[in-house]
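Structure at a glance
Single-letter residue listing:
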Amino acid sequence: MKARNKFLIGGALVLGSASYLMASSIQDTGQYFLTPTELQAKVADDPSFVNQGVKIGAKAVPGTIVRDPSGRSLRFVMADMADSTKTYPVYYKGIAPDTFTDGVEVVVEGRLQADGTFHATTLLAKCASRYENAPEQGEGTPGYKEYQQYKGKHPAGVPKTAAPAPASQS
Amino acid sequence: MILVGELSLWVALLMAAWSATVSFAGARDGRADLVHSGERALYATFGFVIVASIGLWTALFTHDFSIKFVASYTSANLPKVYTFTAFWAGQAGSLLFWTLILAGYAAAAVFTGRGPRTRAFLPYVTGTLSVITLFFLATMCFGANPYERLDWTPPDGRGMNPQLQNPGMAIHPPMLYLGYVATSVPFAYAVAALVTRKLDAEWLAPVRRWSLLSWFFLTIGITLGMWWAYVELGWGGYWAWDPVENASLLPWLTGTAFLHSIMIQEKRGMLRKWNVTLVATTFLLSILGTFITRSGIIQSVHSFAQSPVGNWFAGFLVVSIAATAWLVATRLKDLASQAELESMVSREAAFLYNNLVLVGISFSVLWGTLFPILSEWVKGEKITVGPPFFNTVNVPLGLLLLALTGVGPLIAWRRASLSNLRRQFTVPTAVGAVTGVALVALGMRDFYAIVCYALAGFVFGTIGQEFWKGTRARVSMHGENAAVALARLVGRNRRRYGGYVVHFGMVTMFAAFAGMAFKKEYDITLRTGQSYTAKDPWGHTWTFTSQGVSAYKALNRYVTAVGLDATRDGKRVGIISSEKRQHVDSRDQPTFEPSTEVGILEGAKQDVYVVLAGVTGTDRAEIRVAFNPLVWWVWFGGFVMGIGGLIVMWPQAERRATRRESGYVAELPPAPAGEPVPATVP
């Protein structure tokens, strides 16, 4: 047999087994990435969907985060980014990332329990400010609130100078 | 200066447009005046981009918070060094930074490409590079302008994300960009070679040099990225198969494949289609990587905010792919191979498999990264794959690659004889086998780890044997002492022995990766004076005693710290402390979420990695302690790979002199039939 053909056979074997590994591990470890709305629809369709490993992209509802004093577990309510009426309570066991705060966009990985609580095994907080903290027109920059109030009272125009820094508020 | 910079951006845009137009037109009509004008315009583009960049740096250092970019990423109390690096901390600035490097490379490529051997390609190289530069400038001018102004001037900026305030983050992005961007020059040469149909070896020399440069910076950049993730993100590892990490790995993989397959084309005239495709793919993958990071299309913890810039990149990517595919398809005849594979037991075959595996790995990584999008298109459902997917697929492929790393240098070109095989393989195989057996005897049971270490032993055997034989030959022929012989051996065959140094670094890294299979983690709670005793993977007993929690204010942050007094087997080794930090702005207002500083006690055997998870009351500290075996060797391996890359790249000044030296070829180890003369192409 020509060396070229032998090589092609060997190559096909390598690529074939790689593809097999890829396909089977997607079967085994691939996870649905859903929004809370989609999760509700799935569960409504097929009650056995409860307790299947999924990833959910949602938002942590402000004010619902209850941290265990030990810092090892926490509870919060996640809501759909588009529809805040679709919510799930989440229980997460583990150390929360530094970026996890009120209102942050989260990705939780875990299983929905029969009682409707989502038990998360991983919690990723994707903060818009993680790498890209560009606020709309400087929202979040110091003095922004003062500026907004000032702007409202002077509809004629806004001087392009710095609002005087108020005394330290700490 | 700021205004001048802003204007320069637009002038650069016009210059790049001019350069692109006249370069292609001049090349088509054979008009030297237009071609020269295009080259000069490209130099000018570089000049104006420099001015534009200086303008942005000026804005950063003068704290001109009326500029959105400055207000968004810096604050008045930000340390100077991070004010400087804020240049690439955000989208718009990093695009300008990218353009700065690109324009610099383009100018350098045109300047070094004026020689007689590459002259014919130059108009198209200039044109292609101008088009790419034009694209980046247009993206900035119309999509994400770093000079965009706010309609008011905040008294202070938002400050820089504390996680970016790290020396690793200061160097990692520039290195990665230097690597990413350098792929454009080989791409430009590939386009030029395809257009002019001059597809013999001439275009490969500059392409190889630039690919090496790109490979070198990507290697450093990726290693620094791993280091940054490890010391800064605090989750205990250095690689999470995050889309952004994958994006940096992809061009590295195809670039590595190319640096191997180019040797086959130089020696045998084979693989011409493949090489052109690899060069183009590497460039397209680095654009894709940028697209992934910038568009927010794939869920990633580090992606930039969703932005219209993503669409620009998607468009550019589609156009580039279409253009490349058309060029290759219309030139298939010119790309015909000049030789055939003669035997499966030959260096060509080993290199071909090496390419196959590297491209297989890149394909699987690409597939896994894009799978959420693909599945949504095809099935309407977003399905994600995580580390288990990447590990299942890439661990076996990686081990195969490791084996090939050991085989390639040992086997002869064209057709290896049985005696060649016996002479070359005995020692390395023995080293590998002994390593494997010894580890099993010592009680190691992790299958992949054992295979990895056995193969690593095999490759170390290969490299050691190569250096040993080469040095011994010089010693006996020239009567030099061993050190001189070794230095001259490497110095006169930089490409070959530099490559071995790179292999050495890579194998060290693989061995270190396998070490993570033995990681141990403990979650503990300690009050002041309380201790915890744990065993590390090597069997040592460690005791950690809390020294208490302290809280204080430093520079631009409030710090809560815990110190652990660590002893190993009863001997005190030192204090490891971990901090929680709350950064504040110049008016003492908290900025960003609290961040964690991990405490790491580095060692050759393992890192002791301490993370403060939280404090209850005043002194009850929740701590995670992890033993991460062999991590230090990852950084070491990356460093060695960098050194190897430098050896390979170092210009061979006395090349001609060396060639005249008659001993040059003969002084190699007893060459098996067809053993290559080390290449002299720089």
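None of these values were measured; they are calculated from a predicted model. (Residues numbered from 1 in each chain as written. Chains lettered and ligands numbered in written order. Predicted model: local features only at pLDDT ≥ 70, side-chain atom pairs only at ≥ 80, totals over all residues. Heavy atoms only, no water.)

This part covers the overall build of chain B. Along its length, chain B carries 21 helices and 10 strands. Projected onto the principal axes, the alpha-carbon positions of chain B cover approximately 75 × 70 × 60 Å. Residues classed as buried in chain B amount to 62% of the 682 residues present. Per element, the accessible surface of chain B, about 25700 Å² overall, is 66% carbon and sulfur. When the 56 positive and 41 negative side-chain charges of chain B are each reduced to one mean point, those points stand 9 Å apart. (Helix = DSSP H or I, 4+ residues; strand = E, 2+ residues; numbered from the N terminus. Buried < 20%, exposed > 50% of the residue type's maximum accessible area, 1.4 Å probe, protein only. Areas by Shrake-Rupley, 256 points an atom, 1.4 Å probe, with all protein chains shown as cover. Lys, Arg positive; Asp, Glu negative; His and termini not counted. Charge placed at Lys NZ, Arg CZ, Asp CG, Glu CD.)

A count of helical and extended segments in chain A gives 3 helices and 7 strands. Start at the N end of chain A and walk to the C end: the helices and strands fall as α-β-α-β-β-β-β-β-β-α. With 170 residues in all, chain A has 41% of them scored as buried. Roughly 9100 Å² of accessible area belongs to chain A as shown, and the carbon and sulfur atoms make up 56% of that amount.

Each assigned domain of chain A is listed here: domain 1 (1-30) and domain 2 (32-126). On a C-alpha basis, the centres of domain 1 of chain A and domain 2 of chain A stand 38 Å from each other. (Domains from an automatic or database assignment.)

Time to look at the sheet that holds strand E9 (residues 606-616) of chain B. Residue and element names in this part refer to chain B. Taken together, the 4 strands give an open sheet; going across it, the order is E2-E10-E9-E8, and neighbouring strands pair in antiparallel fashion. Here the strands that pair on one side only, and so sit at the sheet edges, are strand E2 (520-526) and strand E8 (599-601). The mean inter-strand angle of the sheet, taken between neighbouring strand axes irrespective of direction, is 20°. With 3 bridges joining them, E8 and E9 adopt antiparallel strand pairing. Paired with Ile 600 across the bridge in E9 is Tyr 609. (Pairing = 2+ DSSP bridges. Axes fitted to C-alpha atoms, helices over the stretch in contact; angles between N-to-C directions.)

Residues and elements named next belong to chain B. Strand order in the open sheet made by the 5 strands is E3-E4-E5-E6-E7, with antiparallel pairing throughout. If you trace the sheet from one side to the other, it starts and ends with strand E3 (531-535) and strand E7 (595-597), each paired once. Direction aside, neighbouring strands of the sheet carry axes that sit 25° apart on average. The sheet contact formed by strand E6 (residues 571-583) and E7 spans 3 bridges and is antiparallel. The residue bridging Glu 579 from the neighbouring strand is Glu 597, located in E7.

Turning next to the nonpolar core. Phe 76, Phe 100 and Phe 118 of chain A together with Trp 203 of chain B are the most contacted members of the largest nonpolar core, which has 219 residues in total. No other element matches helix H9 (residues 204-233) of chain B, which puts 16 residues into this core. Apart from residues no more than four positions distant in its own chain, Phe 100 of chain A is found in contact with Ala 60, Ile 65, Arg 67, Leu 74, Phe 76, Val 106, Leu 123 and Ala 125 of chain A. In this structure, Leu 526, Ala 621, Val 625 and Phe 627 of chain B belong to the second largest nonpolar core, which totals 17 residues. (Core = buried A, V, L, I, M, F, W, Y, C linked by side-chain atoms within 4.5 Å. Contact = heavy atoms within 4.5 Å.)

Moving on, we come to the packing of aromatic side chains. Residues and elements named next belong to chain B. Enumeration according to the criterion identifies 49 aromatic pairs over all chains in this entry. Ring geometry for Phe 136 versus Phe 313: centroids 5.6 Å apart, planes at 70°, classification edge-to-face. Residue Phe 136 is located in helix H6 (residues 122-142), and its partner Phe 313 is located in helix H12 (residues 309-330); the two are separated by 177 residues in the primary sequence. The exposure class assigned to Phe 136 is buried, which follows from its relative accessible area of 1%. Plain terms: the ring middles of Trp 241 and Phe 390 are 4.9 Å apart, the flat faces sit at 10° to each other, and that makes the pair stacked. Of the two residues, Trp 241 sits in the loop between H9 and helix H10 (243-268) while Phe 390 sits in helix H14 (residues 387-407), which places them 149 residues apart along the sequence. Considered together, Trp 241 and Phe 390 belong to a single accessibility category, that of buried residues. (Phe/Tyr/Trp six-rings, centres within 6.5 Å; stacked < 30°, edge-to-face > 60°.)

Glancing now at H12 of chain B. Residue and element names in this part refer to chain B. For H12, which comprises 22 residues, the first-to-last C-alpha distance of 32 Å matches the rise-based estimate of 32 Å (1.5 Å per residue) to within 8%. Taken as a whole, H12 has its buried residues at Val 309, Gly 310, Phe 313, Phe 316, Leu 317, Ser 320, Thr 324, Leu 327 and Val 328. All buried residues of H12 project into a common sector of 125° when viewed along the axis, lining one side. Set apart from the buried face of H12 by more than 90 degrees, the exposed residues are Asn 311, Val 318, Val 319 and Trp 326. (Expected span 1.5 Å × (residues − 1). Arc of directions from axis to C-beta.)

What follows is about H9 of chain B. Residues and elements named next belong to chain B. If you check H9, its first and last C-alpha atoms are 41 Å apart, about what 30 residues at 1.5 Å a residue would give, namely 44 Å. For H9, the tally of buried residues reaches 26 of 30 residues, placing the bulk of the element in the interior. Following H9 by one or two positions, Gly 234 adopts a phi angle in the positive range, close to 75°.

Counted according to the given criterion, the structure contains 20 salt bridges over all chains. Two residues, Glu 381 of chain B and Lys 42 of chain A, come together in a salt bridge whose shortest N-O distance is 2.4 Å. Remark: Lys 42 of chain A occurs in helix H2 (residues 36-45) and Glu 381 of chain B occurs in the loop between helix H13 (347-379) and strand E1 (383-384); the pair is interchain, linking two chains. A salt bridge links Asp 83 of chain A to Lys 86 of chain A; the nearest nitrogen and oxygen atoms lie 3.1 Å apart. Through salt bridges with shared partners, a single network forms among Arg 474, Glu 480 and Arg 488 of chain B. (Salt bridge = Lys/Arg side-chain N within 4 Å of Asp/Glu carboxyl O.)

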